[in-house]
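Read off the chains here:
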Amino acid sequence: MKNIFRSAFGTSFAKLLASLCILASVQPALASTDYPPAIWNPAASCNYSARTAAISHVTVHTTQGSYAGSISWFQNCSAGVSAHYVIRSSDGQVTQMVNESAKAWHVGNSNGYTVGIEHEGYVANPSAWYTTAMYTASAALTRDILASRSLAQKVYDGASGWNAVPSDSLFNVKGHVNFASQSHTDPGSGWDWPRYKSLVAGSTGGGSTPATWPLVQYGNTGERVRTIQYLLQQWGYSLTVNASFDTATQTAVKNFQSSHGLGSDGVVGNATWPALVVLTQQGDSGAKVRAVQSQLNESGAGITVDGAFGPATATAVRNYQTSKGLSADGIVGDDTWNKMAW
Ligand SMILES: [Zn+2]
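Residues numbered from 1 in each chain as written. Predicted model: local features only at pLDDT ≥ 70, side-chain atom pairs only at ≥ 80, totals over all residues. Heavy atoms only, no water.

Here we come to the coordination of the zinc ion. Those donors, His 61 (ND1), His 176 (ND1) and Asp 186 (OD), are the protein atoms that reach the zinc ion, and they lie 2.1 Å from it. If you list the donors of the zinc ion from N- to C-terminus, the spacing comes out as H-x114-H-x9-D. In this pair, His 176 sits in the loop between strand 9 (173-175) and helix 5 (193-201) while Asp 186 sits in the loop between strand 9 and helix 5, placing the two residues 10 residues apart along the sequence. Given the relative accessible area of 4%, His 176 is considered buried. We classify Asp 186 as buried; its relative accessible area is 5%. (Donors = N, O, S within 2.8 Å, 3.2 Å for Na, K, Ca; no water. Helix = DSSP H or I, 4+ residues; strand = E, 2+ residues; numbered from the N terminus. Buried < 20%, exposed > 50% of the residue type's maximum accessible area, 1.4 Å probe, protein only.)

Have a look at this one:
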């Protein structure tokens, strides 16, 4: 008994000593130099290479595995893949694994000019994994990536569908699935693009100077109310477009807000406008086009409000943009919507 006891004690003591040695050798977590809130835990150098182009875009991914598992996978040369950042679902912890100045391997032909952010979770179970903490942490990181290069905040609005492949020139923050020639489907149909866009481009603090939007609420009337009503129609809400912020409009705004993780106060301000507006261009049709045409007529364009974005509408948009000091590309993005909203 004594021998067994001593042997058992000896083993435990050896283990304790070993643990103390490990503790003594553990360094405090290193901070990232690109993004100080992140932990620096580098990928294996066999899993990334030198940049081939300037950074212009951010790619949103889903790990299809755990946070810890993804980190260790990027440290394994068998992976042959990597990402600049990995974000934990439960609390939004950010780990940086590849310097932004290097080319991580995450989005094929687009690796050269993008920064890749992996979000812990599974495409098939978005409600369990895409938490508020993760959206918020990711949006803050994306704002930082864009701001440090003075890039515009052109976040995909989701309006063409979760798996659309819009041109790189229209949006500089897109999902893996939204880049050309990809076989992956992440971040999937459950990623809330209007919410993410609001968090990145809305006036919620931090990053570069965000646009400010008019506060529009119950009892207001006029063209900007009409725009909100058209945009709500565009998102599938049925209500009458009457330029009067009535109870039906307020209810639709609240429903839109609660379905996109925005505070459902029924007031359209700096957080809700960026989620509500969608990129509109020649060839488009529907309520968003009516919103644009009606706004242009407010400025004297004299075009038909028919919901069809043809050459006459494009010309009117360009004239409007020129008059407001915007780049006259004929595409109604956030900057143009913002000028019209005022
Ligand atoms: Zn991906």
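Back to the text.
Glancing now at the side chain of Asn 47. One can find Asn 47 in the loop between strand 2 (39-40) and strand 3 (48-50). Not counting residues within four places of it along the chain, the set of residues in contact with Asn 47 comprises Trp 73, Phe 74, Gln 75, Asn 76, Cys 77, Ala 79, Gly 80, Val 81, Ser 82 and Trp 105. (Contact = heavy atoms within 4.5 Å.)

Look at helix 9 (residues 287-298): 17 Å from first C-alpha to last across 12 residues, which is about the 16 Å you get at 1.5 Å a residue. Of all 12 residues making up helix 9, 9 are buried, and the element is well covered by its neighbours. In this structure, the buried residues of helix 9 make contact with helix 6 (223-234), helix 10 (311-323) and helix 11 (334-341). In the segment just after helix 9, Gly 300 is the residue with positive phi, at about 90°. (Expected span 1.5 Å × (residues − 1).)

Here the focus is the layout of surface pockets. Of the voids in this model, the second largest pocket is the one considered here, and its volume is about 340 Å³. Lining the second largest pocket are 22 residues; nearest its centre among them are Thr 62, Thr 63, Val 81, Glu 118 and His 184. Where the lining of the second largest pocket is concerned, the elements lending two or more residues are strand 4 (57-62) and helix 2 (67-74). Per element, the largest residue contribution to the lining of the second largest pocket is 4 residues, and it comes from helix 2. Class assignment of the residues belonging to the lining of the second largest pocket gives a composition of 6 nonpolar, 14 polar and 2 charged. (1 Å grid on protein atoms, 1.4 Å probe; cavity = no way out; pocket = protein on both sides within 12 Å on 5 of 7 lines; lining within 4 Å. Points joined across faces, edges and corners; volume = space filled by probe spheres on them. Nonpolar A, V, L, I, M, F, W, Y, C, P; charged D, E, K, R; others polar.)

Here we take up the pattern of salt bridges. In this structure the tally under the stated criterion is 6 salt bridges. In this structure, the salt-bridge partner of Lys 174 is Asp 168, at a minimum N-O distance of 2.6 Å. Here Lys 197 makes a salt bridge to Asp 334, at a shortest N to O gap of 3.0 Å. With Lys 197 in helix 5 and Asp 334 in helix 11, the pair connects residues that are 137 residues apart, well separated along the chain. For Lys 197, a relative accessible area of 2% translates into the label buried. (Salt bridge = Lys/Arg side-chain N within 4 Å of Asp/Glu carboxyl O.)

So, on to the sheet that holds strand 1 (residues 30-31). Taking strand neighbours across the sheet as the criterion, the 7 strands line up as 1-2-6-5-8-4-9 in an open arrangement whose pairing is mixed. Edge strands, defined here as strands with exactly one partner in the open sheet, are strand 1 and strand 9. Across the face of the sheet, helix 2 comes into contact with strand 5 (85-87), strand 6 (94-96) and strand 8 (114-119) while running at roughly 165° to strand 5. In the packing of helix 4 (residues 132-147) onto the sheet, the strands contacted are strand 4, strand 5, strand 6, strand 8 and strand 9, and the crossing angle to strand 8 comes to about 170°. (Pairing = 2+ DSSP bridges. Axes fitted to C-alpha atoms, helices over the stretch in contact; angles between N-to-C directions.)

Contact geometry for helix 4 and helix 5: axes closest at 8 Å, N-to-C directions at 50°. Classified by the angle their axes make, helix 4 and helix 5 are oblique. Viewed along their axes, helix 4 and helix 5 form a crossing whose handedness is right-handed. Only Arg 195, Tyr 196, Leu 199, Val 200 and Ala 201 of helix 5 make contact with helix 4, whose side of the interface consists of Thr 132, Tyr 135, Thr 136, Ser 138, Ala 139, Thr 142, Arg 143 and Leu 146. (Parallel < 35°, antiparallel > 145°, perpendicular 65-115°, else oblique. Left-handed = near helix turned anticlockwise from the far one by under 90°.)

With that out of the way, let us pick up the confidence of the model for the protein chain. Low pLDDT means the predicted atomic positions in that stretch should not be read closely. Mean pLDDT over the protein chain stands at 91; residues scoring 70 or higher make up 89%. Long-range and interchain partners of residues 1-25, a stretch whose pLDDT sits below 50, account for 0 contacts in this model, where long-range means more than four residues apart. (pLDDT = per-residue confidence, 0-100.)

The contact between helix 9 and helix 10 brings their axes to 10 Å, and the two run at 55°. In this view, helix 9 runs oblique relative to helix 10, as classed from their interaxial angle. Helix 9 and helix 10 meet at a crossing whose hand is left-handed. Note on element contacts: helix 10 touches helix 9 through Thr 313, Ala 316, Val 317 and Tyr 320, opposite Val 292, Gln 293 and Leu 296. By residue class, the composition of the contact of helix 9 with helix 10 is 5 nonpolar, 2 polar and no charged.

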